[in-house]
Amino acid sequence: MNDLIFYLADDDLILGYRDCEWTGLGPFLEEDLALSSIAQDEIAHASMFYEIIGNPDDFVYKREPHLFKNAYILELENYDYIFTLVRHLFYDEFDYIRISALLNSSNYELKSRAEKIILEENYHLKHFRVFIDRISRREKGIEILTETLNKFIFDLFSFFEVDESILNVYNSSLFPISYEEHFEKFYESIKEQFNFYDFPKKEEILNYVKNLKSSRNGNKSQEFMKFYNTFTEVHRMEPNAKW
């Protein structure tokens, strides 16, 4: 159970914290408010999952960096707003399939949380789909989206990096979807959203992610380490403080 919880929650936590960095810096006020709200949702979803197995604060602030199971792409800095939008749509397509599978979980705690989370994830997904669609209606928009995709295309599939603990939770009563089905649904959905882009073949991507030994396997980037030191800073100042 713990492996599945960290697989679900760590992605939400790290992306939510990265989203928070844009608060007050969005391209226009409505989007600033929207992304700030989505950031809070993602962190709240992480907390909901952590609560199943313990105190969320312990998992967020007291774990060593290599124990976080987040996807590599999520820990990267917000290079620009287009990167943030593209990364988010890739993640929301990935996560919506994952949460949908939990609706059929044999575990009540997972299933009941999924029933609440799926409503907000549906909003997230619609938001980023609409935003990307608006950008891609213009030639310049397609140009800048393509530039970002070219730079990060394989990293954007790092959601499917796995270690043995993650592979073992797929196709179980707790998480009733196979790794292959998850990938197929994601690949087809993301191709539809970026229908102007020439994606690598599925076999090429799968070969890449199955040989990837980065963040989900505990090998953290320098960007993660810097980020980790930031979001745990206050806790580390007074680790025994009672708030």
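Refer to the structure above for everything that follows.
Here we summarise the structure given alongside this text. (Residues numbered from 1 in each chain as written. Predicted model: local features only at pLDDT ≥ 70, side-chain atom pairs only at ≥ 80, totals over all residues. Heavy atoms only, no water.)

1. Observations regarding helix H5 (residues 81-102)
Part 1 of the argument: Taking 1.5 Å of rise per residue, the 22 residues of H5 would be expected to cover 32 Å, and the 31 Å separating its terminal C-alpha atoms lies within 8% of that figure.
Part 2 of the argument: Burial analysis of H5 places 20 of its 22 residues in the buried class, which makes it a mostly covered element.
Part 3 of the argument: You can read the cap of H5 off the contacts: a side-chain oxygen lies 3.2 Å from the backbone nitrogen of Ile82, and it is on Asp80. (Helix = DSSP H or I, 4+ residues; strand = E, 2+ residues; numbered from the N terminus. Expected span 1.5 Å × (residues − 1). Buried < 20%, exposed > 50% of the residue type's maximum accessible area, 1.4 Å probe, protein only. Polar contact = N/O pair within 3.5 Å; in protein donor to acceptor, adjacent residues only side chain to side chain.)

2. Things to note about unusual backbone geometry
Part 1 of the argument: Residues other than glycine seldom take positive phi values, yet Asn171 does so here, at roughly 60°.
Part 2 of the argument: Its location among the elements puts Asn171 in the loop between helix H8 (164-169) and helix H9 (179-193).
Part 3 of the argument: The exposure class assigned to Asn171 is exposed, which follows from its relative accessible area of 60%.

3. What to know about the nonpolar core
Part 1 of the argument: One finds Phe90, Phe157, Phe159 and Phe194 to be the most contacted residues of the largest nonpolar core, which totals 73 residues.
Part 2 of the argument: In contact with Phe194, not counting residues within four places along its chain, are Val86, Leu89, Phe90, Ile132, Leu149 and Phe199. (Core = buried A, V, L, I, M, F, W, Y, C linked by side-chain atoms within 4.5 Å. Contact = heavy atoms within 4.5 Å.)

4. What about the packing of aromatic side chains?
Part 1 of the argument: A complete count under the given rule lists 42 aromatic pairs for this structure.
Part 2 of the argument: A ring pair is formed by Phe68 and Tyr228, whose centres lie 6.0 Å apart and whose planes are at 75°; its orientation type is edge-to-face. Of this pair, Phe68 sits in the loop between helix H3 (56-61) and helix H4 (72-75) while Tyr228 sits in helix H11 (residues 222-231); the two residues are 160 residues apart in sequence, bridging distant segments of the chain. Of the two residues examined, Phe68 and Tyr228, each falls in the buried class.
Part 3 of the argument: Taking 5.6 Å as the distance between ring centres and 45° as the angle between the ring planes, the aromatic pair formed by Tyr91 and Phe159 counts as tilted. (Phe/Tyr/Trp six-rings, centres within 6.5 Å; stacked < 30°, edge-to-face > 60°.)

5. Side note on H11
Part 1 of the argument: Glu223, Phe224, Phe227, Tyr228 and Phe231 are the residues of H11 that are buried. One face of H11 carries all of its buried residues, which in axial projection span an arc of 130°. With respect to the buried face of H11, the exposed residues turned more than 90 degrees away are Gln222 and Lys226.
Part 2 of the argument: The secondary structure elements touched by the buried residues of H11 are helix H1 (2-20), H3, H4 and helix H12 (233-237). (Arc of directions from axis to C-beta.)

6. Brief notes about the environment of Lys151
Part 1 of the argument: Looking at the element boundaries, Lys151 is found in helix H7 (residues 139-152).
Part 2 of the argument: The exposed category is assigned to Lys151, whose relative accessible area is 61%.

7. Quick look at the pattern of salt bridges
Part 1 of the argument: Counted according to the given criterion, the structure contains 14 salt bridges.
Part 2 of the argument: In this structure, Glu21 engages Arg18 in a salt bridge whose closest nitrogen and oxygen atoms are separated by 3.0 Å.
Part 3 of the argument: Residue classification places Glu21 among the partly exposed residues on the basis of a relative accessible area of 37%.
Part 4 of the argument: For Arg18, a relative accessible area of 4% gives the class buried.
Part 5 of the argument: In this structure, Glu181 engages Lys185 in a salt bridge whose closest nitrogen and oxygen atoms are separated by 3.1 Å. (Salt bridge = Lys/Arg side-chain N within 4 Å of Asp/Glu carboxyl O.)

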